[in-house]
Amino acid sequence: MAIIESENYINALKRTKPRDIKIASYGGHALLKGQDNKCSKCKKDLRAGYYKMVVDPATKEKKAICSDCLVQIPERR
């Protein structure tokens, strides 16, 4: 019985015209390509998993910042 239902489903899919399916993405890949996979502050290469996407409050522009620029530790005296 399940074989007949699956065959009917496959036949129905074959009869319909394929539609353009839009896949949702967060846009991070385009942002990284625009920055050439570099930090927006220090221009070092971004390592996978060690960067953060931030939004500049003044310009509302998204930027990728490396972990070194994100957390700044002051010099010891």
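Description of the structure in this document. Bear in mind that the values here come from a model prediction, so they are computed numbers and not experimental data.

### Let's talk about the environment of Ser40
Thinking step 1. When you line up the elements, Ser40 lands in the loop between α2 (28-34) and β1 (51-55).
Thinking step 2. In this structure, the C-alpha to C-alpha distance between Ser40 and Lys62, residues 22 residues apart in sequence, is 9.9 Å.
Thinking step 3. Non-local contacts of Ser40, meaning those with residues more than four positions away in its chain, are made with Gln35, Lys63, Ala64 and Ile65.

### Some details on the state of the cysteines
Thinking step 1. Summed over all chains, the structure comprises 0 disulfides.
Thinking step 2. No disulfide involves Cys39; its sulfur sits 3.7 Å from that of Cys66, the nearest cysteine.
Thinking step 3. Cys69 supplies the cysteine sulfur nearest to Cys42, a cysteine that is in no disulfide, at a spacing of 3.5 Å.

### Description of the side chain of Gln35
Thinking step 1. Position of Gln35 among the secondary structure elements: in the loop between α2 and β1.
Thinking step 2. When neighbours within four sequence positions are excluded, Gln35 is seen to be in contact with Ser40, Lys62, Lys63 and Ala64.

### Focus: a nonpolar patch on the surface
Thinking step 1. Taken together, the side chains of Tyr9, Ile10 and Leu13 make up a nonpolar region of the molecular surface, amounting to roughly 320 Å² of accessible area.
Thinking step 2. Relative to the elements of secondary structure, Leu13 occurs in helix α1 (residues 2-15).
Thinking step 3. Given the relative accessible area of 48%, Leu13 is considered partly exposed.

### Here we look at the pairing of β1
For a regular strand, side-chain orientation follows a simple rule: the groups alternate between the two sheet faces.
Thinking step 1. Pairing analysis gives 5 bridges linking β1 to strand β2 (residues 62-66), with the strands arranged antiparallel. Each residue of the ladder has a partner; that of Lys52, found in β2, is Ile65.
Thinking step 2. Counting the residues that bridge the hairpin from β1 to β2 gives 6 residues, and of these Lys60 lies at a positive phi of roughly 60 degrees.

Cut-off values and rules
Residues numbered from 1 in each chain as written. Predicted model: local features only at pLDDT ≥ 70, side-chain atom pairs only at ≥ 80, totals over all residues. Heavy atoms only, no water. Helix = DSSP H or I, 4+ residues; strand = E, 2+ residues; numbered from the N terminus. Contact = heavy atoms within 4.5 Å. Disulfide = S-S within 2.5 Å. Patch = residues over 30% accessible without salt bridge, like charges linked within 9 Å, V, L, I, M, F, W, Y side chains within 5 Å. Areas by Shrake-Rupley, 256 points an atom, 1.4 Å probe, with all protein chains shown as cover. Salt bridge = Lys/Arg side-chain N within 4 Å of Asp/Glu carboxyl O. Buried < 20%, exposed > 50% of the residue type's maximum accessible area, 1.4 Å probe, protein only. Pairing = 2+ DSSP bridges.

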